[in-house]
Amino acid sequence: MSASVERQCLRQEIESQTFAERALDEAKRAAHHAETKWSDAAGKVGALERAIEEAEQDAPGSTDAFIASLAGGLDVITESPVDELRKQLDEAEVEIAVWRAARKSAEEAIEARLIALDMSKHRVADAARRVAAAEIDVTPMLARAETARQAVLSESATLIAVAHMLPHASLGRQAIESFLQQPWCSPNSIERAPGGERHREWFSALCGDADAKMS
C-alpha cells in the first residue's frame, strides 16, 4: 500500500474520531440539559408538597366556608386549593419521571460514545503507525546506530583494558569503574567487543619488558 493511500486512511480515521468526539459532546450536553430539567422538576415537586401540607392545615376552615357557600345557593362548584395543588403535583411528578428517563438515556449514550471514541483513537494510532511503516526507512537508521554502538563498545573495551593496568585505588581506575557502572553499559557485551587489544598487548609486553612500546 503506498504512502498516499496510508495517509488517506489516516485522514479518514481522524475524521471519524472528530465525529465521535462531537457525538460524545452532544450526549454530554443532553445529559446536562436532562439533569437541569430533572432538578427543576424535583424542586417543583418539593415546593408543591410543602404547599399542599400548608393548605391541608387550613382545610377545616376552608371546608366550612365551602359548605356555607353551598347552603347559600351557590350554583358553580369550584375545586379546593388542595385539589388544584395535587393536580399540579401529579403533573410535576410525571415531568420528573420523564426527565429522569431522559437523563438515564443520555448517560447510557455517554458510556457508549466513550467506548466508540476510545476505539476510534486506537484506529487513528494504528493508521498513523501504518504511515510510519510506509514512509520511514529504518535500514540506514539501524546502520548508523550500529556504527555508534560499535564505537561505544570499542571505547568501553579500551577503558576496561586500561582499568586493569591501573592500581585499584587510583583515581583513574575508580573513574573508569564508575563510568562503566552506568546502566547503559553492558559488561558482557563490552568484554566481547573489539577494541582494547593494543592496550592489553602492550600491558602484557610491559610486564616482561620495561621498554615495551605501544604498537
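Thresholds applied
Residues numbered from 1 in each chain as written. Predicted model: local features only at pLDDT ≥ 70, side-chain atom pairs only at ≥ 80, totals over all residues. Heavy atoms only, no water. Helix = DSSP H or I, 4+ residues; strand = E, 2+ residues; numbered from the N terminus. Buried < 20%, exposed > 50% of the residue type's maximum accessible area, 1.4 Å probe, protein only. Contact = heavy atoms within 4.5 Å. Phe/Tyr/Trp six-rings, centres within 6.5 Å; stacked < 30°, edge-to-face > 60°. Lys NZ or Arg CZ within 6 Å of the ring centre and 35° of its normal. Patch = residues over 30% accessible without salt bridge, like charges linked within 9 Å, V, L, I, M, F, W, Y side chains within 5 Å. Areas by Shrake-Rupley, 256 points an atom, 1.4 Å probe, with all protein chains shown as cover. Salt bridge = Lys/Arg side-chain N within 4 Å of Asp/Glu carboxyl O. Lys, Arg positive; Asp, Glu negative; His and termini not counted. Charge placed at Lys NZ, Arg CZ, Asp CG, Glu CD. Expected span 1.5 Å × (residues − 1). Polar contact = N/O pair within 3.5 Å; in protein donor to acceptor, adjacent residues only side chain to side chain. Core = buried A, V, L, I, M, F, W, Y, C linked by side-chain atoms within 4.5 Å. Axes fitted to C-alpha atoms, helices over the stretch in contact; angles between N-to-C directions. Left-handed = near helix turned anticlockwise from the far one by under 90°. Nonpolar A, V, L, I, M, F, W, Y, C, P; charged D, E, K, R; others polar.

A. Layout of the overall build of the protein. In terms of regular secondary structure, the protein is built from seven helices and zero strands. Each helix and strand of the protein, ordered N terminal to C terminal, gives the series α-α-α-α-α-α-α. Taking all 215 residues of the protein together, the buried fraction comes to 22%. Considering only contacts in the protein between residues 6 or more positions apart, those separated by 24 or more positions represent 79%.

B. Seen up close, the side chain of Gln 17. Here Gln 17 shows up in helix H1 (residues 3–57). Residue Gln 17 is classed as buried on the basis of its relative accessible area, which comes to 16%. Apart from residues no more than four positions distant in its own chain, Gln 17 is found in contact with Leu 117, Ser 120, Lys 121 and Val 124.

C. Region of interest: the packing of aromatic side chains. Throughout the structure, instances matching the rule amount to zero aromatic pairs. Positioned over the ring face of Trp 38 is Arg 103, at 4.5 Å from the centre of the ring.

D. A look at a nonpolar patch on the surface. On the surface, a cluster of nonpolar side chains totalling about 380 Å² of accessible area is made up of Ile 136, Val 138, Met 141 and Leu 142. In this fold, Leu 142 is placed in helix H4 (residues 138–165).

E. Looking closely at a negative patch on the surface. Taken together, the side chains of Glu 49, Asp 83, Glu 84, Asp 90, Glu 91 and Glu 93 define an acidic patch exposed on the protein surface. Examining the composition of the negative patch, we find that five residues originate from one element, helix H3 (residues 81–135), more than from any other. Checked against the element boundaries, Glu 93 lands in helix H3.

F. Layout of H4. For H4, with 28 residues, the first-to-last C-alpha span of 40 Å sits near the 40 Å given by 1.5 Å per residue. Taken as a whole, H4 has its buried residues at Leu 153, Ser 156, Ala 157, Thr 158, Ile 160, Ala 161 and Ala 163. Of the residues flanking the start of H4, the one acting as N-cap is Asp 137, its side-chain oxygen 3.2 Å from the backbone nitrogen of Thr 139.

G. View of the nonpolar core. Core analysis: the biggest nonpolar cluster contains eight residues, these being Val 45, Leu 48, Ile 52, Ala 55, Val 82, Leu 85, Leu 89 and Ala 92. Contributing elements (two or more residues each) for this core: H1 and H3. Not counting residues up to four positions away in its chain, the partners in contact with Ala 92 are Ala 41, Lys 44, Val 45 and Leu 48. Residues Ala 27, Ala 31, Ala 106 and Leu 117 belong to the second largest nonpolar core, which totals seven residues.

H. Just the packing of H4 against helix H5 (residues 171–180), in detail. Contact geometry of H4 with H5 gives a least axis separation of 9 Å together with a crossing angle of 145 degrees. For the crossing formed where H4 meets H5, the hand is left-handed. Residue-level contacts link Ser 156, Leu 159, Ile 160, Val 162, Ala 163 and His 164 of H4 to Arg 173, Ile 176, Phe 179 and Leu 180 of H5. For the contact of H4 with H5, the per-class residue count stands at seven nonpolar, two polar and one charged.

This is a description of form; function is not addressed.
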